[in-house]
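Residues per chain, in single letters:
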Amino acid sequence: MIGSIVDLDVEAIVNAANQSLLGGGGVDGVIHRTAGPGLLEECRSVGGCLPGEAKLTAGHNLRARWVIHTVGPIWRGGQNGEDAVLASCYRNALTLVLSQGLASVAFPAIATGVYGFPKDRAAEIAVTTIIEVLAAVPSPVDVILCAFPARDGRFIERAIIRSRARGAP
Ligand code: AR6
């Protein structure tokens, strides 16, 4: 899916936040601006989030009823556990989606902006982790990968094609 995540018609959107959960630039900034001050107020009470973890808040003035805040890894060359932390972001966010019984969620390309994670590698991890989690659950969940800017969609498309070639559903 191409466009801004705040425009999508889904039950939950995922925020690529920082450890403070008190807002920032990129998609975090857009989500907070659209949600209004109530989101920041609620985030203050959450008490932060470690890289790879995920925390749930209400969506406030967003179209989405829920926001799942996660903190991606800061890219430091790829030998410092970045892949595993990024996979945890997707896994833990989806665990919240499933535990809340939500039917749809949209992810931005976590960590690929300010945090500098290479976009092709991140798309591969996103697709592989999502397929792995969903393969183990009985009820269907709509998972949207949101590409912004539009040209980033090709990283997701390629990762999906590669996963199909490997025999994933
Ligand atoms: N909708 C969807 N995706 C978007 C949007 C949008 N409206 N705007 C940007 N993106 P980034 P990070 C994409 O930098 O790398 C913040 O300051 C963007 O093109 O938002 O995880 C936080 O507070 C990129 O592909 O998040 C942290 O300090 C992706 O979202 C830090 O940035 C992620 O880019 C987190 O850095």
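### Quick look at empty space enclosed by the protein
(1) Moving on: Under the criterion given, the structure shown has 1 cavity of 30 Å³ or more.
(2) Moving on: Considering only enclosed or pocket space, the largest cavity measures out at about 130 Å³ in volume.
(3) Moving on: As for the largest cavity, its lining consists of 16 residues, of which Tyr90, Ala109, Lys119, Ala123 and Ile156 are closest to the centre.
(4) Moving on: Put simply, the parts of the chain that give the lining of the largest cavity at least two residues each are α4 (119–135) and α5 (153–165).
(5) Moving on: Of all the elements, α4 adds the most residues to the lining of the largest cavity, at 4 residues.

### Notes on the packing of helix α3 (residues 82–99) against α4
(1) Moving on: One way to put it is that α3 packs onto α4 with a least axis distance of 9 Å and a crossing angle of 40°. Taken together, the axes of α3 and α4 are oblique relative to one another. As for how α3 packs across α4, the hand of that crossing is right-handed. Packed against α3, whose contacting residues are Asp83, Leu86, Ala87, Tyr90, Arg91, Leu94 and Leu98, the element α4 presents Arg121, Ala122, Ile125, Ala126, Thr129, Ile130, Glu132 and Val133 at the interface.

About the cut-offs
Residues numbered from 1 in each chain as written. Predicted model: local features only at pLDDT ≥ 70, side-chain atom pairs only at ≥ 80, totals over all residues. Heavy atoms only, no water. 1 Å grid on protein atoms, 1.4 Å probe; cavity = no way out; pocket = protein on both sides within 12 Å on 5 of 7 lines; lining within 4 Å. Points joined across faces, edges and corners; volume = space filled by probe spheres on them. Helix = DSSP H or I, 4+ residues; strand = E, 2+ residues; numbered from the N terminus. Axes fitted to C-alpha atoms, helices over the stretch in contact; angles between N-to-C directions. Parallel < 35°, antiparallel > 145°, perpendicular 65-115°, else oblique. Left-handed = near helix turned anticlockwise from the far one by under 90°. Contact = heavy atoms within 4.5 Å.

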